[in-house]
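# Overview (structure and organization)
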Number of protein chains: 2
Amino acid sequence: MIREPQQERSRTTRRRLIEAAVECIGELGWTGTTVAVIAERAGVSRGAAQHHFPTREDLLVAAVELVGEVQLSELRSQVADLPEGPSRIETVASVLLNLYAGPMFRAALHLWVAGSTDQALRDTLVPLEARVGREAHRVAVDLLGVDESHDGVREMVQATLDLARGLGLANLLTDDTKRRQQIVRQWARMLEQNVAGTTSV
Amino acid sequence: MIREPQQERSRTTRRRLIEAAVECIGELGWTGTTVAVIAERAGVSRGAAQHHFPTREDLLVAAVELVGEVQLSELRSQVADLPEGPSRIETVASVLLNLYAGPMFRAALHLWVAGSTDQALRDTLVPLEARVGREAHRVAVDLLGVDESHDGVREMVQATLDLARGLGLANLLTDDTKRRQQIVRQWARMLEQNVAGTTSV
């Protein structure tokens, strides 16, 4: 067996800890999630976990950042090589409005709800979410190919992402896929008629 | 001092218990909320609380229903006596998109997040939320004065309420009022141009 190089092993451990953190937060909430619980889930010793992430807040920051990056890179790859035109808008609307329909959104919700009554958690989350949110906005503008210098376009892109989070909520307790698909179709038509004319590409 | 009639006293106790339940869930989450904790907060004996609500699930159902009713009646009163025309649409869009920006939404979020991993809670919540959601939809259609038999109108009304929940989330950790107001303005313009033409009044 070829030994995994030290640096790579370290990266794998880090990644496993982050993924375990997302799972634990989604299932147990923030209160129930400790570094010890995460380490056990990841199959990593507590010492090794603390070497990578001294506090659970450090793990939280890494988790939110990773989830944000993974989501946006998935989003970019889903719409890569799509031709321009109405069918492109529909695909872009679909991937944007499905952005929060998965299990990772549950972990985010747990954190936001806990942060609403926990000042320290809130102080960690707010700048982090602002950064992830700005990046999502930038990607959405880019994929929609719209020009934000036109009146109202910025707000319609924001509304698209806020709607996506609302649809994520609606998908939390029941499978809302069918209803969401109909909203996606109508939303794509609305974007086509209201903001696609501002396209800068 | 005039004695409060028995029936009215009973109604007051009931109402105080329900309001205390909403507060407790918002602050402590569903796990931390017991009938005993709610009774203490309401200043009601545990026995009296259990007389009105044998289980915390009964209290939960009453709380979700009351919050839904209060929100919708506030909504109706805010737009009563408004003349038709663009300024009406802007006011309606504003009250709809502010529907979940208050503290009661935090209690709802706690319940939804807890329900996503607690099957019994989920079974209680799902039909309840479906009923409250249908009623909100009906009121929104009514206030917007739109005709749902027109293609896409139903989805735009749904999108309005899903957007409102997404905006509620965005208001959880920071005061998002200013950004929300700009989205409201743009949303009103969009509704005016895209669905107001279907008005049935």
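Residues numbered from 1 in each chain as written. Chains lettered and ligands numbered in written order. Predicted model: local features only at pLDDT ≥ 70, side-chain atom pairs only at ≥ 80, totals over all residues. Heavy atoms only, no water.

Looking at an unreviewed UniProt entry, one finds chain A named DNA-binding transcriptional regulator, AcrR family and attributed to Amycolatopsis xylanica.

## As for the relation of the copies chain A and chain B
Once chain A has been moved 0.0 Å along the axis and rotated by 180 degrees, it coincides with chain B to within an RMSD of 0.0 Å. Both copies of the chain, as the preceding transformation shows, are related through a two-fold rotation axis. Mapped onto chain B, 100% of the interface residues of chain A again fall at the interface, so both copies present the same surface. (Least-squares fit on C-alpha atoms with pLDDT ≥ 70 in both. Contact = heavy atoms within 4.5 Å.)

## With respect to the interface of chain A and chain B
Across the boundary between the two partners, chain A contributes 39 residues, which contact 39 residues of chain B. A combined buried area of about 3,300 Å² lies between chain A and chain B, and 68% of that area is made up of carbon and sulfur atoms. The three residues of chain A that bury the most area against chain B are Val 113, Asp 162 and Leu 173 of chain A, which together make up 20% of that side's buried surface. Here Arg 179 of chain A makes a salt bridge to Asp 162 of chain B, at a shortest N to O gap of 2.9 Å. Our count for the contact surface shared by chain A and chain B stands at seven residue pairs in polar contact (both at pLDDT 80 or more). If you list the elements that add at least two residues to the side of chain A that touches chain B, you get α1 (6-28), α6 (104-115), α7 (119-144), α8 (153-170) and α9 (177-194) of chain A. The greatest single-element share of the side of chain A that touches chain B, amounting to eleven residues, is contributed by α8 of chain A. Tallied by class, the residues present in the side of chain A that touches chain B amount to 17 nonpolar, 13 polar and nine charged. (Buried area = accessible area lost by both parts, 1.4 Å probe. Salt bridge = Lys/Arg side-chain N within 4 Å of Asp/Glu carboxyl O. Polar contact = N/O pair within 3.5 Å; in protein donor to acceptor, adjacent residues only side chain to side chain. Helix = DSSP H or I, 4+ residues; strand = E, 2+ residues; numbered from the N terminus. Nonpolar A, V, L, I, M, F, W, Y, C, P; charged D, E, K, R; others polar.)

## Structural notes on the packing of aromatic side chains
One pass over the full model with this rule turns up five aromatic pairs over all chains. With a centroid separation of 5.4 Å and 20 degrees between ring planes, the pair formed by Trp 187 of chain A and Trp 187 of chain B is classed as stacked. Separated into two different chains, Trp 187 of chain A in helix α9 and Trp 187 of chain B in helix α9 (residues 177-194) make up a pair that spans both. In this structure Trp 187 of chain A comes out as buried when scored by relative accessible area, which is 1%. Ring centres of Phe 105 of chain B and Trp 112 of chain B lie 5.9 Å apart, and the angle between their planes is 80 degrees; on these two criteria the pair is classed as edge-to-face. Trp 112 of chain B matches Phe 105 of chain B in its accessibility class, with the two residues each being buried. Ring pairs connect the aromatic residues Tyr 100, Phe 105 and Trp 112 of chain A, which therefore count as one cluster. (Phe/Tyr/Trp six-rings, centres within 6.5 Å; stacked < 30°, edge-to-face > 60°. Buried < 20%, exposed > 50% of the residue type's maximum accessible area, 1.4 Å probe, protein only.)

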